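# Chains, contacts and geometry: an overview
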Amino acid sequence: MVSCMSHSVEHVLIVGAGLAGLRTAEELRRAGYTGELTLLGDENRAPYDRPPLSKQFIRGEIDDTALRPAEFFPENHIDLRLGVSATGVDIAARQVALSDGSSLGYDRLIIATGLRPRRIPSFPDAGGVHVLRTHDDADGMRQDLATARRAVIVGAGFIGCELTASFRARGVDVVLVEPQATPLAAALGEQIGALVARMHREEGVDVRCGVGVAELITDSTAAQSDSRPAVRGVRLGDGTVVDADLVVIGVGSIPVTDWLADSGIPLAAPADGGGVLTDEVGRTSVDGVWAVGDVAAWRLDTGRNKRVEHWTNAGEQAQLLACALLEVEPPAAVRVPYVWSDQYDVKIQVLGSPALADEVQIVEDKGRKFLAHLFRDGTLVAVVGAGMTGKVMKTRAQLAATHQTPVG
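Residues numbered from 1 in each chain as written. Predicted model: local features only at pLDDT ≥ 70, side-chain atom pairs only at ≥ 80, totals over all residues. Heavy atoms only, no water.

## Remarks on unusual backbone geometry
- A positive phi angle, near 55 degrees, is found at His 77, a position not held by glycine.
- Here His 77 lies in the loop between α2 (72–75) and β3 (79–82).
- On the accessibility criterion, His 77 (61% relative accessible area) is exposed.
- Even without being glycine, Arg 94 reaches a positive phi, approximately 55 degrees. (Helix = DSSP H or I, 4+ residues; strand = E, 2+ residues; numbered from the N terminus. Buried < 20%, exposed > 50% of the residue type's maximum accessible area, 1.4 Å probe, protein only.)

## Examining the sheet that holds strand β26 (residues 379–386)
- With antiparallel pairing, the five strands of this open sheet are ordered in space as β22-β23-β26-β25-β24. Of all the strands in the sheet, the pair left with one neighbour each is β22 (338–343) and β24 (359–366). Adjacent strand axes in the sheet meet at a mean angle of 15 degrees when their direction is disregarded.
- Bridging between β24 and strand β25 (residues 369–376) involves seven bridges; their strand directions are antiparallel. In the strand pairing of β25, Lys 366 is matched with Lys 369. (Pairing = 2+ DSSP bridges. Axes fitted to C-alpha atoms, helices over the stretch in contact; angles between N-to-C directions.)

## Some details on the sheet that holds strand β12 (residues 206–209)
- Here we have five strands laid out as an open sheet, ordered β9-β16-β10-β11-β12, and parallel in their pairing. With partners counted over all chains shown, the strands left at the sheet margins are β9 (129–130) and β12, one partner each.
- Sheet analysis places strand β10 (residues 150–154) next to strand β16 (residues 246–249), joined by four bridges and oriented parallel. When the sheet's bridge partners are listed, Val 154 is paired in β16 with Ile 249.

## A look at the environment of Ala 17
- Within the secondary structure, Ala 17 is located in the loop between β1 (11–15) and α1 (19–30).
- Judged by relative accessible area, which is 14%, Ala 17 ranks as buried.
- As a C-alpha pair, Ala 17 and Val 205 span 188 residues in sequence and 36 Å in three-dimensional space.
- Residue contacts for Ala 17: discarding those within four places in its chain leaves Leu 39, Leu 40, Gly 41, Pro 47 and Leu 80. (Contact = heavy atoms within 4.5 Å.)

Structure follows, in C-alpha cells:
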C-alpha cells in the first residue's frame, strides 16, 4: 500500500501512548508514511496492555505488560517521548504545549489521550482506596492486595467484575456494590446481568445491587506511611456498614480533554459522554487534527457520535484513521463490535451492539456457561456468551449483515 500524501506530511504528532496511539503509529508506517512520527506519553512507561492489569497482573501471575519491546520504536523510526503531557494546543500555529514548558509543532495532530477514572468527590484521600487505569494504579493495588482480607468493590462494570474475580482468586473476601439492579446492567441488560451475578455469588462474592455508597470510613490512628488515614470500610446508601481494608472505586471514566479547553477543537457535551468530536474516520472539523481510541467520539452510521471504550475498537479505528489521513483505501471489512471479559475460568464475549436490543432470549443456560441472543424488531443485533466461544463467533456473519445495514 503506497501513500499519495506521505511526501506532504512531514510530522505526525500522536498525543497519548496507550494502545490506540501505538496502533495508530504502527498503521501509519504500515500504510506507507515515512515522515517524522512522535508518540507522546504522560507516563514514564512505554506503551503497555491494560486488560491484564485487572487479571493476570493483579493476581501476580505476570509482571511484564509491554505491548512492544524497547527496540521496536527506533527500528520503526518512532520518536517515543515519555513522562511529559500535553497542556494545550494552538491550532493556528500547529503547536502543542507540553508540561515541561516546551512545545512541539505538527503537520497532523492525533489525539489519543484516553480516559481517567471517575472518583467519588466526597471520599477523603485514604490509604487502601484505589482506582484502576494505569500500571501504577495496578501496582499499588497489588501491593495492598497482598495483605488484604476483605475488599469492597464499588461498581460492577467489566473492570469491577474482573477485579472481583481476581481478588477471590487471591483468597480475599469481596463485597461487590452496584447501584443498578445487576452487575453489567448498563452494558448487557438486567437479564444477562443476573446470570453474571449468579456466577459471582457461586464464587462466594457478596453481591449487593440496587444500592450505592454514601460514605468512606477511615481510621486516622492507623495512618499510612504517607500520613493518610487507613480505610476501614464503607457506609452504603441504606445505612449498612461494610468492613474493608481495601476499597476499589470502579464507577466509570471520563475522557482526558481538559488540555483542549479553549483550543477550538470540538468536544462532545459531558451529558453525551464527552470526548473529541470526529467524523467516521477520526477527522475533526479543525484542519490537521484527528482523534482515536477511548477519547474519540466518532460519528456512527446512524449519524450519532459516540465513544467506544473497548480494546478491539482501538485497533480498528487506528487502521481507518491512518488510511484516511494518508488518503489510501483501507482493507475491505465489516467491523462487528467485539468485547470480551475474563472472569474466573469463564470468558464472557459480546459480539454486536447490545444497546440496540429490545428483546433478550437466553438460548442456553448451563450454570456459569450461557448463551444469549439479543434482537431489535426481530433482527439479531448482538450475541453474549459465557464459556461459549464457538457458538458466539459462529454468529459473526449474521451480525455483519446487521452492521452493514444499521438497525434503528
